[in-house]
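# Chain and residue survey
As a plain string of letters, each chain reads:
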Amino acid sequence: MTHDRVELVIFDCDGVLVDSERIYCRVDRDVFARVGAEFTEQEMAELFVGSSHDALTALVEQRAGRSLPVDWHEPFRHLYEEALDAELTVVEGVTDVLDALDVPFCLASNGSHASIRRNLTRTGLLDRFEGRIFSARDVARGKPAPDLFLHAAATMGVPPERCAVVEDSAYGVRAARAAGMRAFGYSGGLTHADRLEGERTVVFEDMRRLPGLLFI
């Protein structure tokens, strides 16, 4: 089977470039419980990894059985920042991958520009992505809609069929497929491989394998 040559690699941020999903899920679970929404660890991984803030809020409201104010998350923000400051690291193998790529790459995340930049700064990756950072806040719909990936590709001047997306969530690989892009599902984090598998998707567990997989 032949593919269009990859001319742009689009990386998700959390769980792909920076090892933040475990931190977020741990703090999220505590925060959600404080507002009356209890979730198991398995539910956290399946429901929230890669989700948008709006989708997250809707699930918490449903479980809590009540509406939450628009700024419900603000009083807890310091809990995330303190944990990330203390614990955040680069996903193992990522710097090797970025050094090995001989095509342009960018970042497209459901997170806000502010949170993306903070996490890239914490891990020393900001300079590698400066000027090529795309947030769901830039488009009408975040992942699993294709809008964000299509916006990133258009801005970078590369047709969707020549883009490869590196994701660690079911929402992300769905968005990549919907955008007509090849998806590479990283299963070395919280999401089980079987939730990433599907059409036009390569699932892999060791980030260092990525450059070899991109150009098969």
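Above this text is the structure in question.
Rules and cut-offs
Residues numbered from 1 in each chain as written. Predicted model: local features only at pLDDT ≥ 70, side-chain atom pairs only at ≥ 80, totals over all residues. Heavy atoms only, no water. Disulfide = S-S within 2.5 Å. Buried < 20%, exposed > 50% of the residue type's maximum accessible area, 1.4 Å probe, protein only. Helix = DSSP H or I, 4+ residues; strand = E, 2+ residues; numbered from the N terminus. Polar contact = N/O pair within 3.5 Å; in protein donor to acceptor, adjacent residues only side chain to side chain. Core = buried A, V, L, I, M, F, W, Y, C linked by side-chain atoms within 4.5 Å.

### Regarding the state of the cysteines
This model, assessed by the stated rule, comprises zero disulfides. Here cysteine 13 stays unpaired: no disulfide links it, and the sulfur of cysteine 106, its closest cysteine neighbor, is 12 Å away. Overall, cysteine 13 belongs to the buried group, its relative accessible area being 0%. Cysteine cysteine 25 remains unbridged, with the sulfur of cysteine 13 as its closest cysteine sulfur at 15 Å.

### Observations concerning the side chain of lysine 143
Inspection of the secondary structure puts lysine 143 in the loop between β3 (133–135) and α8 (147–156). We classify lysine 143 as buried; its relative accessible area is 4%. A distance of 3.0 Å separates a polar atom in the side chain of lysine 143 from a polar atom in the side chain of aspartate 12. A polar atom in the side chain of lysine 143 sits 2.6 Å from the side chain of glutamate 167.

### Description of the nonpolar core
Judged by nonpolar contacts, the single largest core of 52 residues is most densely connected at Phe11, Leu17, Phe32, Val60 and Leu120. Counting residues per element, this core draws most heavily on helix α1 (residues 21–34), at six residues. Cys106, Phe134, Phe149 and Val165 belong to the second-largest nonpolar core, a separate cluster that totals 21 residues.

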